[in-house]
Structure formats: C-alpha cells, structure tokens
Amino acid sequence: QVQLVESGGGLVQAGGSLRLSCAASGRTFSTYAMGWFRQAPGKGREFVASISSRGSYTYYADSVKGRFTISRDNAKKTVYLQMNSLNPEDTAVYYCAAGSSYALNRQRDYDYWGQGTQVTVSS
C-alpha cells in the first residue's frame, strides 16, 4: 500500500512558477514509477508527466514539454513537479500517482492516487 499526499498548489500569475510535491508513505516507494496528472474544470483527467522508479527516465505530455520538470528523491519518498511559464490553460487539480514499473501515460497503469492539489493560473 502506498499513500500519496500532494502539496504546493496555489494561485499564480501567468508566466510564474510553482513546484508541486508528492510525499509517499510505505517502504516500497523506490519500486514504483510515479506520474502527475491533472483535471481541469469540466474536463477529464489527463497525463502530465511520469518518471521511472529510479528516476532514469522521464516522459511528458506535449503540452508541458519544456516547461515542466518531474523529479524524485527516493530517500525522501517524494516526487516533484516543477512548473515554469505557467499559463491559464494549466489551471487544474493536479494529482500524483504511483504505478507499476512500466507505467507511463496511461491512468490504468497507476494503482495509487493522491487527493490532488489545486493550481490556478490567472491571466
């Protein structure tokens, strides 16, 4: 079992930055691939970024490539999402998720989900 708690969301102006954190419980954090997803108002949840269990590989949605960076610290059992050059289209609830080692961008490959943190970007 893995429990995930996101933090770091908030209100930011367009062009600004935020760093989201996702703290995990459980002894096997380092065996899970981790992902970030988001859900904007009135839309379905979509993939943002993922990172392999040891941090060797990362994968991004085209909409955030070059602006967002995913990273992890297995000693701290935490995964991060650095978000730069934010725009209003990035407004959403952001969720972190833990999945099997082959998990990339498919939600069904992720077994554990956090409660989400709100990110609002004003124009």
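For the structure, see preceding data.
All of these numbers come straight from a predicted model, not from anything done at the bench.

Participant: Which parts of the structure should I look at to understand the nonpolar core?
Facilitator: Nonpolar side chains in soluble globular proteins generally cluster together in the buried interior. The biggest cluster of nonpolar side chains holds 35 residues, and the ones touching the most others in it are M34, W36, L81, M83 and Y94. Every element with two or more residues in this core is listed here: β3 (18-24), β4 (33-39), β5 (45-51), β7 (68-73), β8 (78-83), β9 (92-99) and β11 (117-122). The dominant element in this core, judged by the number of residues it contributes, is β9, at 5 residues. If near-sequence neighbours (up to four positions away) are discounted, M34 is found in contact with L4, C22, F29, A49, S50, I51, I70, R72, V79, A97, A98 and Y110.

Participant: So what exactly am I meant to see when it comes to the state of the cysteines here?
Facilitator: All told, the structure shown has 1 disulfide when counted by the stated rule. Two residues, C22 and C96, share a disulfide whose sulfurs are 1.9 Å apart. Its torsion about the S-S bond being 45°, the disulfide of C22 and C96 is classed as right-handed. Placement of C22 in strand β3 and of C96 in strand β9 is noted, with a sequence separation of 74 residues between them. Each member of the pair, C22 as well as C96, carries the same accessibility label: buried.

What counts and how
Residues numbered from 1 in each chain as written. Predicted model: local features only at pLDDT ≥ 70, side-chain atom pairs only at ≥ 80, totals over all residues. Heavy atoms only, no water. Core = buried A, V, L, I, M, F, W, Y, C linked by side-chain atoms within 4.5 Å. Buried < 20%, exposed > 50% of the residue type's maximum accessible area, 1.4 Å probe, protein only. Helix = DSSP H or I, 4+ residues; strand = E, 2+ residues; numbered from the N terminus. Contact = heavy atoms within 4.5 Å. Disulfide = S-S within 2.5 Å.

This is a description of form; function is not addressed.
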